[in-house]
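Structural description and commentary
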Amino acid sequence: MNPQDMSPLDRLRHSTAHVMADAVKRLFPEAKITIGPAIENGFYYDFDVEKPFTEEDLERIEQKMQEIIDAGDAFRCEEMSRDAALELFSKMGETYKVEILGSIPADETITVYRHGEFVDLCRGPHVESTKQIKAFKLISVAGAYWRGDERNRMLQRIYGTAFPDKKQLRAHLAALEEAKKRDHRRLGKELELFSFSETIGAGLTLWHPKGGRVRHLMETYWKERHLQSGYDLLYTPHIARDRLWEQSGHLGFYSDNMYSGMDVDGQDYLVKPMNCPFHAVIYKDRLRSYREFPLRWAELGTVYRYERSGVLHGLFRVRGFTQDDAHHFVREDQLSDEIDFVLNFCLDMLKAFGFDDFELYLSTRPEKSVGSDAQWALAEGILVERLKQSGVKWEIDAGGGVFYGPKIDLKIRDSLGRRWQCSTIQVDFQLPERFDITYVGEDGRRDHRPIMIHRALLGSLERFFGILVEHYGGKFPLWLAPTQAIIANVTDAQADFVQSVKRRLTAAGFRVEADLRNEKLGAKIRESQLQKVPYTLIVGDKEAAADSVSPRPHGGKPEGALTVDQLIERLKTESEIPGSKNL
RNA sequence: GCCCACGUAGCUCAGUGGUAGAGCACCUCCUUGGUAAGGAGGAGGUCACCGGUUCAAGCCCGGUCGUGGGCUCCA
């Protein structure tokens, strides 16, 4: 980061990190300081200490920080020769600072910042005085490797945050609370959507009935859209012989992520981490003509990948998941139109799921790559062209492409403003070579090489579902809600009528439950609301007599009675999928 | 994988060496009540798993499994 670019907020946070380091040094003189930058929502500082910090330590550090702030010492910048700085930090025993000094380019000016007795190698800038730190809080402790490299020593990192005033700090902490409430792991349990089990194994998702309903809706909609848009659907096995993975190259560059094989009649079989090799084999089952192009083959393919135990996280990072994968086979002259098609297809579909804020990233040729210069130039040129036409904001990640071709990644922004990468569109020069994939051209020759496009749209159904849960805070739109309405009777006298309403709504295609329990109406409404069911339909004697129900929308006030027929019309309208015709 | 924390009833959690607890949920009964919790009773736990220390372990020690916060933000 260029120090000139540091925002006032980052300056405040970085200064707070210094104050924290000062407090830590006072309480734990043996601690060695390392680095302490401002980050997106606050700051951290890494320390090398014998004993990790505890929660109680955090409180003591916070108190000490407050004392330092109250003292109101000025932050002072001091330029120093490299030798003087080396001597200073060597004498202090700050070996990490000495190491950092060694990695600063020779032509750069060395500066240290002081406040009170504390001194830190730092290019700044800082606020003027510790007094300017008005609102801060230490958040958590965590282990972190020196310079982010796991071969290095594990340091102890303290995360904290700071704001210009207490009100903003409170708002930030409240936002953290809100995010906690929307955490898909919590909602997954509360709404009975999915679970994990020690008996099954880490990172392996169990979809419960209500989660299963949502997944079914996602899949059904996904399949319909694909079929309407010229895709065919493929189904391929979960395992394949090792020779497939040898040919695809996965045994070479992906085996760390693959589960060990199983012996079947003396042959070694492996669980699939990807679907593409299967699609390639289907392609090769017979001669293909350019007249068939573009081929669009999609599969909801369940794959298994080894992920290190520490990175597993709810539905966001799992070991078994279903990719909504697709492979397009095109001629070179069709590449541009096909990219245009698939890009718009992705954007449309994501809109239907409630996202409308997108960012696109083009990743270009990395240092190590396959394919000719001409191929890369052509493909990158086409991607740039289509990105420009998309009307969506986009950036270039130079050299960030996969070795087999350039790609476009699509990020969505959720209701809490967080960005998620789901879709990826990748041009592949490699796989057609490896599998010797060809087609018969206009000239009758069989040795033409098609271009292959890999595409995942939602990415993984598990992860996308987790994102949806958090995006909606568990309150799914009507078309996706696992239960769209609960019909609640006031007394037993309406039980038969409730059952008949349930039958009629179910027959009309809605997901409806009846709550006939011997409970007061208030209790039924409360539970329906807590389950975030879009409509609670109240039925008392008045409604039953008029073939009607009184709807109460989730989070809303009671509404006047509607006849069952009117209700069906209303639900039909409201459960339309954005930008699509109803299923 | 690594650092730290955690794992007690379906859920949320209390219990730090001496016979396992609460609230909610669940079941039964009473109550038939009009828009966010009606009442009473009952059942429910090899304290994650394996091993060790001890007269005695949910609690102490070791291992395993699982969960959470992190390990990309660079003086």
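Keep in mind that what you see is a predicted model, and the values were worked out from it rather than measured.

1. Points about the confidence of the model for chain A
- For chain A, the average pLDDT comes to 93, and 98% of its residues sit at 70 or higher.
- What the predictor reports for the complex is a pTM of 0.94 with an ipTM of 0.93.

2. Topic: the nonpolar core
- In terms of nonpolar packing, the biggest core is built from 62 residues, with Met 218, Phe 353, Ile 412, Phe 464 and Phe 476 touching the most fellow members.
- It is helix 11 (residues 335-352) that provides the largest number of residues to this core, a total of 11 residues.
- Excluding its chain neighbours within four sequence positions, the residues that come into contact with Met 218 are Phe 353, Leu 458, Leu 461, Phe 464, Phe 465, Leu 468 and Leu 480.
- One finds Ile 33, Tyr 45, Ile 133 and Leu 138 within the second-largest nonpolar core, a separate group that totals 28 residues.

3. Some details on the pattern of salt bridges
- Taken as a whole, this structure holds 47 salt bridges when the rule is applied.
- Ionic pairing is found between Glu 190 and Arg 186, a salt bridge with its closest N-O pair at 3.8 Å. Taken together, the residues span about one helical turn, with Glu 190 and Arg 186 both in helix 6 (residues 184-190) at a distance of 4 residues.
- Under the relative-accessibility criterion, Glu 190 is labelled partly exposed at 42%.
- On the accessibility criterion, Arg 186 (39% relative accessible area) is partly exposed.
- Between Arg 386 and Asp 340 there is a salt bridge, and its shortest N-O distance comes to 3.9 Å.

4. With respect to the pairing of strand 19 (residues 407-413)
- Buried residues dominate strand 19, accounting for 5 of its 7 residues.
- Across 7 bridges, strand 19 lies against strand 20 (residues 419-428) in antiparallel orientation. Across the sheet, residue Ile 412 finds its bridge partner in strand 20, namely Trp 420.
- Linkage of strand 19 to strand 20, two consecutive antiparallel strands, is achieved through a turn of 5 residues, within which Gly 417 is found at a positive phi near 85°.

5. Here we look at a nonpolar patch on the surface
- A cluster of nonpolar side chains, contributed by Ile 239, Met 262 and Val 264, occupies part of the molecular surface with about 190 Å² of accessible area.
- Residue placement: Ile 239 occurs in strand 12 (residues 239-241).

6. Focus: the environment of Ala 377
- The residue Ala 377 is located in helix 12 (residues 373-390) in this model.
- The spatial distance from the C-alpha of Ala 377 to the C-alpha of Thr 364 is 9.6 Å, given a sequence separation of 13 residues.

7. As for the sheet that holds strand 26 (residues 562-563)
- The sheet built from 5 strands is open, its strands ordered 23-22-24-25-26 with mixed pairing. The outermost strands of the open sheet, each flanked by one partner alone, are strand 23 (512-515) and strand 26.
- Of the strand pairs in this sheet, strand 25 (residues 548-553) and strand 26 are connected by 2 bridges, and their pairing is antiparallel. Bridge pairing links Val 549 to Leu 562 in strand 26.

8. Observations concerning the protein's contact with RNA strand B
- In the vicinity of RNA strand B lie 61 residues, with Leu 121, Cys 122, Gly 148, Asn 518 and Arg 526 positioned nearest.
- Among the atoms of RNA strand B lying within 4 Å of the protein, the sugar-phosphate backbone contributes 48%.
- Among the residues forming the surface near RNA strand B, the class breakdown is 26 nonpolar, 17 polar and 18 charged.

9. Structural notes on a positive patch on the surface
- Taken together, the side chains of Lys 131, Lys 134, Lys 166, Lys 167 and Arg 170 define a basic patch exposed on the protein surface.
- Tracing the sequence through the fold places Lys 134 in the loop between strand 6 (118-121) and strand 7 (135-145).

10. Overview of the packing of aromatic side chains
- Evaluated as defined, the whole model comprises 28 aromatic pairs.
- Look at Phe 194 and Phe 465: their rings are 6.4 Å apart centre to centre, the planes differ by 75°, and that puts the pair in the edge-to-face class. Taken together, the residues span a long stretch of sequence, with Phe 194 in strand 9 (residues 194-195) and Phe 465 in helix 14 (residues 461-471) at a distance of 271 residues.
- For Phe 465, a relative accessible area of 0% puts it in the buried group.
- Aromatic side chains Phe 293 and Tyr 439 sit 5.0 Å apart centroid to centroid with 65° between the ring planes, which places their arrangement in the edge-to-face category. Of the two residues, Phe 293 is situated in the loop between helix 10 (276-283) and strand 15 (295-304) and Tyr 439 in the loop between helix 13 (431-434) and strand 21 (451-460); the sequence distance between them amounts to 146 residues. Judged on exposure class, the residue Phe 293 and its partner Tyr 439 are both buried.
- Note that Arg 157 overlies the ring of Tyr 44, its terminal NZ or CZ placed 3.6 Å from the centroid.
- If you follow Lys 272 out to its NZ or CZ, it ends over the ring of Phe 278, 5.0 Å from the centre.

11. Re the environment of Thr 506
- Within the secondary structure, Thr 506 is located in helix 15 (residues 495-507).
- At 2.7 Å, the side chain of Thr 506 forms a polar contact with the backbone oxygen of Lys 502.

12. Some points on helix 16 (residues 521-530)
- Among all positions of helix 16, only Lys 524, Ile 525, Ser 528 and Gln 529 are buried. The buried residues of helix 16 occupy one face: seen down the axis, they fall within an arc of 130°.
- Contact partners of the buried residues in helix 16: strand 22 (485-489), strand 23, strand 24 (535-539) and strand 25.
- Just beyond helix 16, the residue with positive phi is Lys 532, at close to 60°.

13. Here we look at the side chain of Asp 409
- In this fold, Asp 409 is placed in strand 19.
- Asp 409 sits in the buried class, given a relative accessible area of 6%.
- Once residues within four sequence positions are removed from consideration, Asp 409 is found in contact with Glu 359, Leu 360, Tyr 361, Ser 363, Gln 421, Ser 423 and Thr 424.

14. Digging into the packing of helix 7 (residues 209-228) against helix 11
- As a packed pair, helix 7 and helix 11 sit with axes 12 Å apart at the nearest point and diverge in direction by 150°. Looking at the two axes, helix 7 sits roughly antiparallel to helix 11. Two packed elements cross with a definite hand, and for helix 7 against helix 11 that hand is right-handed. Every residue of helix 11 that contacts helix 7 at Tyr 221, Trp 222, Arg 225 and His 226 is listed here: Phe 345, Asp 348, Met 349 and Ala 352.

15. Digging into the sheet that holds strand 4 (residues 76-80)
- Pairing is antiparallel across the open sheet formed by 3 strands, whose spatial order is 4-5-6. The outermost strands of the open sheet, each flanked by one partner alone, are strand 4 and strand 6. Ignoring which end each strand starts from, the neighbouring axes of this sheet average 30° apart.
- Inspection of the sheet shows strand 4 paired to strand 5 (residues 110-115) by 5 bridges, in the antiparallel sense. Residue pairing across strands places Glu 78 opposite Val 112, the latter belonging to strand 5.
- Across the face of the sheet, helix 3 (residues 82-92) comes into contact with strand 4, strand 5 and strand 6 while running at roughly 125° to strand 6.

Here is what the cut-offs are and how they apply
- Residues numbered from 1 in each chain as written.
- Chains lettered and ligands numbered in written order.
- Predicted model: local features only at pLDDT ≥ 70, side-chain atom pairs only at ≥ 80, totals over all residues.
- Heavy atoms only, no water.
- pLDDT = per-residue confidence, 0-100.
- Core = buried A, V, L, I, M, F, W, Y, C linked by side-chain atoms within 4.5 Å.
- Buried < 20%, exposed > 50% of the residue type's maximum accessible area, 1.4 Å probe, protein only.
- Helix = DSSP H or I, 4+ residues; strand = E, 2+ residues; numbered from the N terminus.
- Contact = heavy atoms within 4.5 Å.
- Salt bridge = Lys/Arg side-chain N within 4 Å of Asp/Glu carboxyl O.
- Pairing = 2+ DSSP bridges.
- Patch = residues over 30% accessible without salt bridge, like charges linked within 9 Å, V, L, I, M, F, W, Y side chains within 5 Å.
- Areas by Shrake-Rupley, 256 points an atom, 1.4 Å probe, with all protein chains shown as cover.
- Near = heavy atom within 4 Å.
- Nonpolar A, V, L, I, M, F, W, Y, C, P; charged D, E, K, R; others polar.
- Lys, Arg positive; Asp, Glu negative; His and termini not counted.
- Charge placed at Lys NZ, Arg CZ, Asp CG, Glu CD.
- Phe/Tyr/Trp six-rings, centres within 6.5 Å; stacked < 30°, edge-to-face > 60°.
- Lys NZ or Arg CZ within 6 Å of the ring centre and 35° of its normal.
- Polar contact = N/O pair within 3.5 Å; in protein donor to acceptor, adjacent residues only side chain to side chain.
- Arc of directions from axis to C-beta.
- Axes fitted to C-alpha atoms, helices over the stretch in contact; angles between N-to-C directions.
- Parallel < 35°, antiparallel > 145°, perpendicular 65-115°, else oblique.
- Left-handed = near helix turned anticlockwise from the far one by under 90°.

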